[in-house]
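Overview (structure and organization)
Chain residues, written in single-letter form:
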Amino acid sequence: MSKTLDSTPQADGFRMPAEFEPHKGCWMLWPERGDTWRMGAKPAQAAFIKVAGAISAFEPVTVGASRGQWENARHALPESVRVVEISSNDAWMRDVGPTVVVDNRGTIRGVDWRFNAWGGLDGGLYFPWDRDSLVAAKVLEIEGADRYRAPLVMEGGSFHADGQGTLITTRECLLNRNRNPHLAQEQIEALLKAYLNVHKVVWLDQGVVMDETDGHVDNLCCFVKPGEVLLTWTDDPDDPQYEISRQALETLSAATDARGRPLVVHKIHQPDPMAISAAECEGLDAGETAKPRLAGDRLAASYVNFYIANGGIVMPLFDDAHDRTAMDLLVRLFPDRQVVGVQSREILLGGGNIHCITQQIPMGEYRSR
Ligand code: KQY
C-alpha cells in the first residue's frame, strides 16, 4: 500500500527531476465529458489516441478510463498502451496526477497537490471535482510510490523544474485569489521549495492570453535543458500576447538559475491567433456545471505545450503556417530526440494541450553523488 507521509520531499532528500530526465513511463486519462469535448468526445478521443500512441513509441504509457469507457478505451488505444480503470471528472493528468520526486537511491514518491478545478467556485472550470481529487493517490498506489499531501492548491501545469533546483511559475496562477488566498508569495515559494526541493523560483507575471487555467506556465515557457528555456512569442505588437511574452523575456533574461547561471531564452513563435467556431460550440453538451464555451473565444494555442519523452518530443500542431518552423526549432533544441507532431486542435478546444494531458513518472535512478 502507498503510505501518506507527514514530512516533505526536501526534508527526506527527494527532488523533482526535470521532464528531460529519464522516465519510467507516462500517465494519461481518457476524455469523455460532453461539455468539454464536442461530439461525445469522439474527436478528442482520436487525438488522445494519437498522443498515447506517439509517446508509447518512446516509453510505457498508462491511460486511466472510467468504468463506462474502459472497454471503449481499451479497444481504441494501441495494444502497447496499458488501460486501467480510474474515474475522473475530466482528462487533465498533468493537473490531477502526482508530481513524482526521486532520491539518490532510486526511490520514487509522489506529491499530491490540492486540486480545485482551476479556481473552485471563483472562476473554476467545472463542479464537482471530487473524482479528480483522488487521481494522484490512485496513480501512486498503482506505481507503488508513497505520497506527500502538499498543503497548496495548485496543478502540475503551473510549474516547470530544471531538475537542478530551479522552478518557473506565474503569479497569475499561483497568486490568484482562487487558489491560496491566505498565503503570500514568500509563503507559497517556501512550500514550493519544501515539496519540490528547489532553491530558486523564477516568477513570471502572466501566462498565455485567454488561458483558462489562470496562466499555467506550461503553455508559456519551459526548460529545454538546465540553463535554457523556450518561450512562446509573437512578432505582432498588436496582439495582447506580445506584451506578456515581452515582459516574460525581460524577467527571464535578468534571472539566474539555482546554480547562478544566466538563462538562455529561445523564442518560439505562436501559431496565428485562433478561435473556437460556432460549429465546434454546437457539438458541446449544454450544462450548468462547466464554464460555457462561446463561438469566437480565442484559444490559448501554444507550441510550448509539448511532452518530453525518453528519446522523443510529442508536440502540438495546429495546421498553421508556423507549424513547420516550430517543429524545426524543437528538432534543433533537442538533437538527441525524435520530434513527432500531433494535430491537436481537438485537445486545444478542451482548454489545454499535449503537456496538460500527460504526466511523466521519472525513473528512480541510483546516483552515487
Ligand atoms: O493547461 C492545463 N494544464 C490544463 C487545462 C485544463 C483545461 C480544462 N478545461
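Right, let's walk through the structure included here. (Residues numbered from 1 in each chain as written. Predicted model: local features only at pLDDT ≥ 70, side-chain atom pairs only at ≥ 80, totals over all residues. Heavy atoms only, no water.)

**Some details on the overall build of the protein chain**
Looking only at helices and strands, the protein chain features 11 helices and 17 strands. Dimensions of the protein chain, computed from the C-alpha atoms along their principal axes, are close to 55 × 50 × 45 Å. Here the protein chain, with 369 residues, has 60% of them falling under the buried criterion. For the protein chain, the share of sequence-separated contacts (at least 6 apart) that also reach a separation of at least 24 residues comes to 75%. For the protein chain, the exposed area adds up to about 14,500 Å²; of that, 51% sits on carbon and sulfur atoms. For the protein chain, the separation between the mean place of its 37 positive charges and that of its 51 negative charges on side chains is 6 Å. (Helix = DSSP H or I, 4+ residues; strand = E, 2+ residues; numbered from the N terminus. Buried < 20%, exposed > 50% of the residue type's maximum accessible area, 1.4 Å probe, protein only. Contact = heavy atoms within 4.5 Å. Areas by Shrake-Rupley, 256 points an atom, 1.4 Å probe, with all protein chains shown as cover. Lys, Arg positive; Asp, Glu negative; His and termini not counted. Charge placed at Lys NZ, Arg CZ, Asp CG, Glu CD.)

**A short note on the nonpolar core**
With 51 residues, the main nonpolar core has M28 and Y126 as its most contacted residues. Counting residues per element, the ones that place at least two in this core are β2 (23-29), α2 (42-56), β3 (61-65), β4 (81-85), α4 (93-96), β5 (99-102), α5 (135-143) and β14 (307-309). In terms of residues, this core owes the most to one element, α2, which gives seven residues. Grouped together as the second largest cluster of nonpolar side chains are 47 residues, F20, M274, A300 and I313 included. (Core = buried A, V, L, I, M, F, W, Y, C linked by side-chain atoms within 4.5 Å.)

**Points about the pattern of salt bridges**
Note that side chains of opposite charge can pair when their charged atoms are close. On inspection of all chains with the given rule, the structure shows 24 salt bridges. With its nearest N and O atoms 3.5 Å apart, the salt bridge here joins D146 to K3. Of this pair, D146 sits in strand β7 (residues 146-153) while K3 sits in the segment before β1 (4-5); the two residues are 143 residues apart in sequence, bridging distant segments of the chain. Take D146: its relative accessible area is 15%, and that puts it in the buried class. (Salt bridge = Lys/Arg side-chain N within 4 Å of Asp/Glu carboxyl O.)

**Side note on the sheet that holds strand β6 (residues 108-114)**
On the basis of which strands lie adjacent, the open sheet formed by four strands has the order β1-β7-β6-β5 and mixed pairing. Two strands in the sheet have a free side with no partner beyond their single neighbour: β1 and β5. (Pairing = 2+ DSSP bridges.)

**What about the site of the ligand?**
Around the ligand, a shell composed of 13 residues is seen, among which D95, E212, H216, G350 and C356 lie nearest. Within the side chain of E212, a nitrogen or oxygen atom sits 2.6 Å from a nitrogen atom of the ligand. One of the side-chain nitrogen or oxygen atoms of H216 is found 3.2 Å away from a nitrogen atom of the ligand. Residue composition of the shell around the ligand, by class: four nonpolar, five polar and four charged. (Near = heavy atom within 4 Å. Polar contact = N/O pair within 3.5 Å; in protein donor to acceptor, adjacent residues only side chain to side chain. Nonpolar A, V, L, I, M, F, W, Y, C, P; charged D, E, K, R; others polar.)

**A few points about the side chain of E228**
Structurally, E228 can be placed in strand β12 (residues 228-233). Here H266 takes part through its side chain, which lies 2.7 Å from a polar atom of the side chain of E228. Not counting chain neighbours up to four residues away, the residues in contact with E228 comprise C222, F223, V264 and H266.

**Side note on the environment of D205**
Relative to the assigned elements, D205 resides in the loop between β10 (200-204) and β11 (221-225). Setting aside anything within four residues of it in sequence, one finds D205 in contact with T170, R171, E172 and Q247. Here R171 takes part through its side chain, which lies 2.8 Å from a polar atom of the side chain of D205.

**Digging into the packing of aromatic side chains**
Here the distance between the centres and the angle between the planes together describe a pair of aromatic rings. For the structure on display, the rule yields nine aromatic pairs. Ring centres of W37 and F48 lie 5.5 Å apart, and the angle between their planes is 85 degrees; this geometry places the pair in the edge-to-face category. Of the two residues, W37 is situated in the loop between β2 and α2 and F48 in helix α2; the sequence distance between them amounts to 11 residues. Note on accessibility: W37 and F48 belong to one class, buried. Between Y303 and F318 the ring centres are 5.4 Å apart and the planes differ by 65 degrees, which places this aromatic pair in the edge-to-face class. (Phe/Tyr/Trp six-rings, centres within 6.5 Å; stacked < 30°, edge-to-face > 60°.)

**Structural notes on the pairing of strand β16 (residues 338-343)**
Sheet analysis places strand β15 (residues 312-317) next to β16, joined by six bridges and oriented parallel. Within β16, the position partnered with M315 by the bridge is G341. Note that the unit made of β15, helix α10 (residues 323-333) and β16 has a crossover that is right-handed. (Right-handed = clockwise from strand over helix to strand, strands pointing away.)

**Re the environment of R105**
Relative to the helices and strands, R105 resides in the loop between β5 and β6. We classify R105 as exposed; its relative accessible area is 68%. With 172 residues separating them in the primary sequence, R105 and S277 have C-alpha atoms 51 Å apart.

**Observations regarding the sheet that holds β16**
The three strands are arranged β14-β15-β16 in an open sheet whose pairing can be described as mixed. At either margin of the open sheet sits one strand with a lone partner, and together these are β14 and β16. Between one strand axis and the next, the sheet turns by 25 degrees as a mean value, whatever way the strands run. Note: β14 against β15, three bridges, orientation antiparallel. Residue pairing in the sheet places Y307 in a bridge with V314 of β15. Here α2 sits on the sheet in contact with β14, β15 and β16, set at roughly 170 degrees to β16. Of the strands in this sheet, β15 and β16 touch α10, which is tilted by about 155 degrees from β16. (Axes fitted to C-alpha atoms, helices over the stretch in contact; angles between N-to-C directions.)

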